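Chain and residue survey
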Amino acid sequence: MISRALKEGFSGVGRHWAMSISSAIAVAITLTIISLFLIFTTHLQTFTKNVESSMEIAVLVDFDYESSEEEKRIEDSIKAIEGVKKVSFSTKEQEFNYYIEQYDDEETRAVFEPFRDDNPMHDAFYVEAVSGDQIRSVAEQIHAIEGVSDVNYGGQSTIDMVAAMINIRRFGGIFVLALSVLAIFLIQNTIKLTIYARQDEIDIMRNVGATNGFIRAPFVWEGIITGVLGSILPILLTIYGYKFAYNLVHGVMFSSMFKMIAPVPYIYYVSAVLLAIGILVGLIGSWMSVTRYLRETK
Amino acid sequence: MIECMNVYKRYPTGTNALYDINVKVEQGEFIYIIGPTGSGKSTLIKLLDGEEKATKGKVKVVGIDVGTLRHSQIPIYRRNIGVVFQDFRLLPTKTVFENISYALEVINMKKKMIRIRVNEIMDIVGLSDKGDAFPAELSGGQQQRVAIARAIANRPKVLIADEPTGNLDPGKSDEIMDLLERINEAYGTTILMVTHDLTLVNKHRKRTVVLEQGHIVADLAEGGYVRHDQ
Ligand SMILES: Nc1ncnc2c1ncn2[C@@H]1O[C@H](COP(=O)(O)OP(=O)(O)OP(=O)(O)O)[C@@H](O)[C@H]1O
Ligand SMILES: [Mg+2]
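Being a predicted model, the structure only gives us computed values, none of them experimental. (Residues numbered from 1 in each chain as written. Chains lettered and ligands numbered in written order. Predicted model: local features only at pLDDT ≥ 70, side-chain atom pairs only at ≥ 80, totals over all residues. Heavy atoms only, no water.)

1. Quick word on the packing of aromatic side chains
Residues and elements named next belong to chain A. The full count for this structure, using the stated rule, is nine aromatic pairs over all chains. With a centroid separation of 5.0 Å and an interplanar angle of 50 degrees, the aromatic rings of phenylalanine 89 and phenylalanine 125 are classed as tilted. One end of the pair, phenylalanine 89, is in strand β2 (residues 84-90); the other, phenylalanine 125, is in strand β3 (residues 124-129), with 36 residues separating them in the sequence. Here phenylalanine 89 falls in the partly exposed class, since its relative accessible area comes to 35%. Aromatic side chains tyrosine 196 and tyrosine 293 sit 5.9 Å apart centroid to centroid with 85 degrees between the ring planes, which places their arrangement in the edge-to-face category. Taken together, the residues span a long stretch of sequence, with tyrosine 196 in helix α7 (residues 156-197) and tyrosine 293 in helix α10 (residues 263-296) at a distance of 97 residues. Relative accessible area serves as the criterion here: at 7%, tyrosine 293 is assigned to the buried category. An aromatic cluster of three or more residues is present, and its members are Phe37, Phe40, Phe171 and Phe175. (Phe/Tyr/Trp six-rings, centres within 6.5 Å; stacked < 30°, edge-to-face > 60°. Helix = DSSP H or I, 4+ residues; strand = E, 2+ residues; numbered from the N terminus. Buried < 20%, exposed > 50% of the residue type's maximum accessible area, 1.4 Å probe, protein only.)

Written as structure tokens, this is what we have:
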């Protein structure tokens, strides 16, 4: 049953090979663009994650609220805020050490040592937000807590950048979807032409009792085959292109925060997604085409 | 086997093709539908094979209420009936054998079974030696035999034919009639045949229903017909 449909699907592609090739090329172009976008957005995602996780809110405790009861209260209040992922505490001594350790040479460190007993640092909480775009609102709510003297975070420019990247990611998704719809449309048109070429045959099939599913199967396979053919080139381009780019820049772009994802198994995931989109696009396109025709057939 | 009860058909274009048709055909009967062009003969066939739905009334074939079938159920229903058309409707790219076996493949019959059945049927219609020929290599009469073979391949209880001899010369028409009569007798297949050919109707006498402008104007059990206006 399936073998019949598959065989006829292949011979359909063979019979209208010029048409099949042209729509496979159209699918290939679409998938190549989709591939670029997939790579772009997945990198943006890891980059955004890196930036987000490096963004902490430093909460300085007022000198008048350093008792353990007060600090417990402040910590609980912070944890109660929506969007807070993690809270850690650091004493003013730890803060002082951390500050001093920034300096490499002993001399400079020695300059600060006298201040150890009259510590100018605050006790501090370090807060991580669930996502980058929540940092500002979380910071503002923390600032309102009694006993918080100051709140610091990465700054507005970082937040704006993260928000922009989230938008680009969203836009990328819509773009990929739109391209897929375009590819479906292209395949649908090809299959429509092959259907019109076989109109008599379909009518006769229905006359002698072939169900819609039986009639549809070869055309759907034809669409799937076209989709698979169309995904071969983009997959090769993705695998070899990405490896090439990765080796070229040694996996690092712009700064250490923006690392390229290791090619293996990443490129195989991307390839699998491309193949899946190719198959799906072929399936949906041909399915719609035959169904539309069958509806008109008496 | 076939039953039309108060059947009306009006096409979306506004043409009234059939009015108050009442016909009952018993199992094993062989019946002609005759009438001038445009009288609604093909429309009746289309109501029977599910191509069109009656505007009013009920059409029952092999116990199935054809008018209530969904689009997707029509092919399944058609496995119960064989249909033959004036223009044969064979697949030009398939051989005689393949054209016949096709009708059995679509209903998922086993390959081995198909081979046996097709050979048997090619023998019945007298085309045993033409299995590998393509339709274009056959005469009109032979092509119609292939179409009949395809129609009866899965042994339907009912065979309906819309002017099966319409494109054939009188000698070939006679041969097709003989074949249909043999099928009718050998398998007890109920046959409803639309025709224009009064010579045929008068020679092979059978029950004859006469349509004129969408009305049944006569239902002659003993057959034979002479047009009034001649
Ligand atoms: N699909 C259709 N849409 C609209 N009108 C139709 C359709 N098919 C047939 N008709 C009309 O219905 C009437 C009956 O047509 P039908 O084809 O049933 O006649 P017929 O008896 O088979 O004629 P013929 O002997 O020429 O084949 C005619 O007036 C025809 O124009
Ligand atoms: Mg007609």
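2. A closer look at the domain arrangement of chain B
Residue and element names in this part refer to chain B. Partitioning chain B into structural domains gives domain 1 (1-80 + 156-230) and domain 2 (90-155). Once you take the C-alpha centre of each, domain 1 and domain 2 turn out to be 24 Å apart. In this assembly, 14 residues from domain 1 lie in contact with 14 residues from domain 2. Between domain 1 and domain 2, roughly 1,300 Å² of surface is buried when both sides are summed, and carbon and sulfur atoms account for 65% of that area. (Domains from an automatic or database assignment. Contact = heavy atoms within 4.5 Å. Buried area = accessible area lost by both parts, 1.4 Å probe.)

3. Re helix α6 (residues 135-143) of chain A
For α6(A), the set of buried residues is A:Ile135, A:Val138, A:Ala139 and A:Ile142. One side of α6(A) holds all its buried residues, which, seen down the axis, span an arc of 100 degrees. (Arc of directions from axis to C-beta.)

4. Brief notes about the interface of chain B and chain A
Each side of the interface is counted separately: chain B has 20 residues, and chain A has 16 residues. Between chain B and chain A, roughly 1,700 Å² of surface is buried when both sides are summed, and carbon and sulfur atoms account for 56% of that area. Between the two partners, chain B and chain A, sit zero salt bridges. Every element with two or more residues in the side of chain B that touches chain A is listed here: α2 (74-78) and α3 (96-105) of chain B. (Salt bridge = Lys/Arg side-chain N within 4 Å of Asp/Glu carboxyl O.)

5. Some remarks on the domain arrangement of chain A
According to the domain assignment, chain A consists of domain 1 (2-51 + 160-296) and domain 2 (56-153). The centre of domain 1 of chain A, based on its C-alpha atoms, is set 51 Å off from the matching centre of domain 2 of chain A.

6. Re the site of ligand 1
Residues and elements named next belong to chain B. The environment of ligand 1 is formed by 14 residues, the closest being Thr37, Gly38, Lys41, Ser42 and Thr43. In this structure, threonine 37 approaches ligand 1 through a side-chain N or O atom, which is 2.4 Å from an oxygen atom. Interatomic distance of 3.2 Å between a backbone N/O atom of serine 39 and an oxygen atom of ligand 1. In the complex, the protein chains occlude 66% of the 630 Å² of accessible area that ligand 1 would expose alone. A total of three residues in the shell around ligand 1 trace back to one element, the largest contributor, which is helix α1 (residues 41-48). Class assignment of the residues belonging to the shell around ligand 1 gives a composition of three nonpolar, nine polar and two charged. (Near = heavy atom within 4 Å. Polar contact = N/O pair within 3.5 Å; in protein donor to acceptor, adjacent residues only side chain to side chain. Areas by Shrake-Rupley, 256 points an atom, 1.4 Å probe, with all protein chains shown as cover. Nonpolar A, V, L, I, M, F, W, Y, C, P; charged D, E, K, R; others polar.)

7. Here's the deal with the sheet that holds β3(A)
Adjacent strands of a sheet form backbone hydrogen bonds with each other and so pair up, either parallel or antiparallel. Residues and elements named next belong to chain A. Overall, antiparallel pairing links the four strands, which are arranged β2-β3-β1-β4 in an open sheet. A single partner strand is all that each edge strand has here, and the edge strands are β2 and β4 (148-152). Each strand axis lies, on average, 20 degrees off the axis of its neighbour in the sheet, ignoring direction. Bridge analysis of β2 against β3 gives six bridges, and the strand direction is antiparallel. Bridge assignment links valine 84 to a residue of β3, and that residue is alanine 129. In the packing of helix α4 (residues 92-101) onto the sheet, contacts are made with β2 and β3, and the angle to β2 comes to roughly 85 degrees. (Pairing = 2+ DSSP bridges. Axes fitted to C-alpha atoms, helices over the stretch in contact; angles between N-to-C directions.)

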